[in-house]
Amino acid sequence: MLALGLSGCSLEDKHVSIVKNGHFTNYPSVTIGTAFEKFFANPQWKHFKSDKGEEVVEFTGKCQYHDVEVMAKMQFLFSGDNSFEAKFLSFNDVPQNMLMMAGLISKVFEKANEQPTQNTAKTDTSKL
């Protein structure tokens, strides 16, 4: 009986839900969560407060970069009004610049907007 009562409840953090259900201005037709979970292997989301007291949602997932599997980490920083923006990207804990982050986001949403094919198992971000 308890399991039935919990099945309708979402235990996902509110900040994580806001990001996953959000949209980037340039990509209004697909949610961030849908696009990221389609593009990356082993997607993980978490929320925490930074040392400065800022609300941060962190996404991690695996992707291909120059034919090597890397762990990508992207952090979204919240403003006071529940808006947020992507502020940080790293591959295997090596920080990347904003141009690389913009290129990755473009690839993620390009992939999300593709029609499914039988050969979509490998995503290569080396052409960013």
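Presented here is a report on the structure given in the accompanying data block.

The rules we used
- Residues numbered from 1 in each chain as written.
- Predicted model: local features only at pLDDT ≥ 70, side-chain atom pairs only at ≥ 80, totals over all residues.
- Heavy atoms only, no water.
- Axes fitted to C-alpha atoms, helices over the stretch in contact; angles between N-to-C directions.
- Helix = DSSP H or I, 4+ residues; strand = E, 2+ residues; numbered from the N terminus.
- Parallel < 35°, antiparallel > 145°, perpendicular 65-115°, else oblique.
- Contact = heavy atoms within 4.5 Å.
- Nonpolar A, V, L, I, M, F, W, Y, C, P; charged D, E, K, R; others polar.
- Phe/Tyr/Trp six-rings, centres within 6.5 Å; stacked < 30°, edge-to-face > 60°.
- Buried < 20%, exposed > 50% of the residue type's maximum accessible area, 1.4 Å probe, protein only.
- Pairing = 2+ DSSP bridges.
- Expected span 1.5 Å × (residues − 1).
- Polar contact = N/O pair within 3.5 Å; in protein donor to acceptor, adjacent residues only side chain to side chain.

## Concerning the packing of helix α3 (residues 32–39) against helix α4 (residues 98–112)
Part 1 of the reasoning: Where α3 meets α4, the axes come as close as 9 Å, and the angle between the chain directions of the two elements is 90°. Between α3 and α4, the angle is such that the two are roughly perpendicular. Between α3 and α4, the contacting residues are Ile32, Ala35, Phe36, Lys38 and Phe39 on the first element and Leu104, Lys107, Val108, Phe109, Lys111 and Ala112 on the second.
Part 2 of the reasoning: For the contact of α3 with α4, the class distribution of residues is eight nonpolar, no polar and three charged.

## Some details on the packing of aromatic side chains
Part 1 of the reasoning: Tallying each qualifying case throughout the model produces 14 aromatic pairs.
Part 2 of the reasoning: Considering the side-chain rings of tyrosine 65 and phenylalanine 91, the 5.0 Å spacing of their centres and the 35° angle between planes classify their relative orientation as tilted. Highlighted residues: tyrosine 65 in strand β2 (residues 55–65) and phenylalanine 91 in strand β4 (residues 84–91), separated in sequence by 26 residues.
Part 3 of the reasoning: Look at phenylalanine 91 and you get buried, because its relative accessible area is 4%.
Part 4 of the reasoning: Measuring from centroid to centroid gives 5.6 Å for phenylalanine 78 and phenylalanine 84, while their planes differ by 45°, and the two rings are tilted. Phenylalanine 84 carries the same exposure label as phenylalanine 78, and that label is buried.

## So, the sheet that holds strand β3 (residues 68–78)
Part 1 of the reasoning: On the basis of which strands lie adjacent, the open sheet formed by five strands has the order β1-β2-β3-β4-β5 and antiparallel pairing. In this open sheet, the two strands that pair with only one neighbour each are β1 (41–49) and β5 (94–95).
Part 2 of the reasoning: In this sheet, β4 lies alongside β3 in antiparallel orientation, the contact comprising seven bridges. Within β4, the residue paired with phenylalanine 78 across the bridge is phenylalanine 84.
Part 3 of the reasoning: Across the face of the sheet, α4 comes into contact with β2, β3 and β4 while running at roughly 100° to β4.

## A word on α4
Part 1 of the reasoning: In a regular helix each residue adds 1.5 Å, so 15 residues correspond to 21 Å; α4 covers 21 Å between its end C-alpha atoms and thus fits that length.
Part 2 of the reasoning: Those residues of α4 that sit buried are Met100, Met101, Leu104, Ile105, Lys107, Val108, Phe109, Lys111 and Ala112.
Part 3 of the reasoning: Packing partners of the buried residues in α4 comprise α3, β2, β3 and β4.
Part 4 of the reasoning: Regarding α4, its N-cap is asparagine 97, as a side-chain oxygen of that residue lies 3.1 Å from the backbone nitrogen of leucine 99 further along.

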